[in-house]
Amino acid sequence: MRRLLICVAAGAVFVAATACGSSDSSGSGGEDKGSGGTTTLKVGVIPILDVAPVYLGQKKGFYAERGLKLELVPAQGGAAIVPGVLNGQYQFGFSNTTSLLVAQSKNVPLKAVANGVASTAKEGADFMGTTVKKGSPIKSPKQLEGKKVAVNTLNNICDTSIRESVRKDGGDPSKVKFVEMPFPQMPAALDGGQVDAACTPEPSLATVKAAGGKSIASSFYDVDPNLTVAMYFTSQQYAQKNPELVKKFQEATAESLKYADSHPDEVREILTTYTKIPSTLLEKLTLPHWPAEPDRASIQRLAELAKQDGLFKETPDLDKLLP
Amino acid sequence: MKDVQDAQERQLDDAAQGPTPPLRAERPGLTNAALGAAGLAGFLALCEAVSRVGIVSDDYFPPVSRIADALVTELGDQAFWTALGDTLTGWALGLAIAVTAGILVGVVIAVVPYLREVTASTIEFLRPIPSVALIPLAVLLYGTELRSVLLLVVYASFWQVLIQTLYGVQDVDPVAEETARSYGLGTWARIRHVLWPSALPYVMTGVRLAAAVALILAITAELVIGAPGLGQRIAVAQTSQAVPEMYALVVVTGVLGLLINVGARTVERRALAWHQSVRGEVAV
């Protein structure tokens, strides 16, 4: 027993020493090292299809040829990524545009550096659909009045864009009831009748469709056919200190986005490496559009709608936020 | 002592070979195992039936056979074992820190006069705070690293050990304590020979509870924060709509919990081999 205790105590001391003593590890990587050597950049991403281009770009060597090595760290959503970028644990992160706008309106020192993912500009064939279950009486967004609609985060990009769909269809968006629910649970919740409609991006969209459900609106498209849905960002502090690295990351990401946009088969293939999307769904996925640059006009539009919905008190300053 | 044991064993042997073997002496282990296996098989069959018959859609709750299929694939994946290692690292380190700290703090509070009264309300205030409520704090401090898992694991399991240690120390027989004093034993000797053996059964209960809680929190942290480990793998499977894979991983966490509980009980039995509750057969 005594030996056991000694082992436990020794282990604890060891852990305390390594765990508390090494706060420097988080800051490593990402200082400008001049020409020559490789710099490792930690990028906080969400393990969904939106970020396929950086995985593909990494594989294709677009980052390596600029002296960058990406360490892609999957995290559960922006709530974990934004603090990670601010405290220097990640050099770059991936976040949806509305979250970045909200952060900017609160003067959180973030800087978008590259485009993330955009609407496909094709109505009825976008990578996010406002869906209803098989046999639902709801046929158009206007009929969502008084109905329960699932969104992943309240007061974010989903409800703003679904409200716009309802508005465009001649309905009153204030009458739609939104409930919060993670994307993966939405197909089951629709089927079970817990919600009447849901904001489902891929692969939830393909799951709903496979179960006989229908998309009644392409809500991102309704905001703007070229809506910039998400972007890669860094902290203002990091951007000021490492302009060269940020520039290289921007160039490599732009190249990756362009490549991904024109090579859908390779995108589907790379998806199998960091997601577990079943092969039966993989073929049915509607891939998003990956333009090389963010679309400022669409972000402006999203900001106006979000303001109208009361997401922020101060209008975000796009000049400060956008690259 | 040895003679007594030998005599008992001989008696048992005799009884087993005798004409009317007592039921309980011969068969309990076997019967229990058989009953346990039958219960588990029944449960699995029920799960299979529930989704085959269509009581719940097999898209959201696949039959056991498909989950087993996914489990086999999962076991063949190198990344799965890395994730398992990450989870176990978080669990073991967190538990070790919590147990050490819990015992040390518990004994100090119990030994130093007035400390118990001073700390009681603070402990009762901090203890009920659910560890998961600290997730935002963990993320702000440590992001998605192992350290944020440790923060949650240690916070949750520390109280289990501390409270049990405090109870254990309270349970010290005052006569034994006074006797030790009158024999002139110093503080350290009294901790070692009186307080520690009296408190140990309680402490071991605390450790066993903490072991289970630590696993729950390690996986929760990975699932919610996205720190590397089984929990994160479950989250990825979930985001990818890979339903059988998700359940397969959930099964793995269940098995892990089972093994940890069995392990903790074994440690408990070893550490308390001398205690009445374990060597129950000679209880008076």
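Data block above holds the structure.
My aim in this report is to walk through the structure given alongside it, one point at a time. Computed from a predicted structure; not experimentally measured.

1. Focus on the nonpolar core
Counting residues in each nonpolar core, the largest one holds 151 residues, and the members touching the most others are V149 of chain A together with V153 and A214 of chain B. If you tally residues by element for this core, the top one is helix 10 (residues 187-225) of chain B, at 17 residues. Formed jointly, this core draws a minimum of three residues from each of two domains, domain 1 (34-119 + 226-311) and domain 2 (128-223) of chain A. With residues near it in sequence (within four places) discarded, V149 of chain A still touches L144, I162, V176, K177, F178, V195, D196, A197 and A198 of chain A.

2. Here we look at the environment of V179 of chain A
All names here are of chain A. Here V179 shows up in strand 7 (residues 177-180). In this structure, the C-alpha to C-alpha distance between V179 and L154, residues 25 residues apart in sequence, is 7.1 Å. Excluding residues that lie within four positions of it along the chain, V179 makes contacts with K148, A150 and V195.

3. With respect to the environment of I260 of chain B
Residue and element names in this part refer to chain B. Tracing the backbone shows I260 in helix 12 (residues 243-271). We classify I260 as partly exposed; it has 19 C-beta atoms within 10 Å. As for I260 and A212, which are separated by 48 residues in sequence, their C-alpha atoms are 7.0 Å apart. Residues within four places of I260 in sequence aside, it is in contact with A211, A212 and L215.

4. With respect to the interface of chain B and chain A
Contact with chain B, which involves 28 residues of that partner, is made by 32 residues of chain A. When residues of the side of chain B that touches chain A are traced back to their parent elements, those giving at least two are helix 5 (78-111), helix 7 (135-142), helix 8 (146-170), helix 10, helix 11 (230-239) and helix 12 of chain B. Top element by residues in the side of chain B that touches chain A is helix 11 of chain B. It accounts for six residues. Residues that form the side of chain B that touches chain A fall into these classes: 15 nonpolar, ten polar and three charged.

The rules we used
- Residues numbered from 1 in each chain as written.
- Chains lettered and ligands numbered in written order.
- Predicted model: local features only at pLDDT ≥ 70, side-chain atom pairs only at ≥ 80, totals over all residues.
- Core = buried A, V, L, I, M, F, W, Y, C linked by C-beta atoms within 7 Å.
- Buried ≥ 20, exposed ≤ 12 C-beta atoms within 10 Å, placed from the backbone.
- Helix = DSSP H or I, 4+ residues; strand = E, 2+ residues; numbered from the N terminus.
- Domains from an automatic or database assignment.
- Contact = placed C-beta atoms within 7 Å.
- Nonpolar A, V, L, I, M, F, W, Y, C, P; charged D, E, K, R; others polar.

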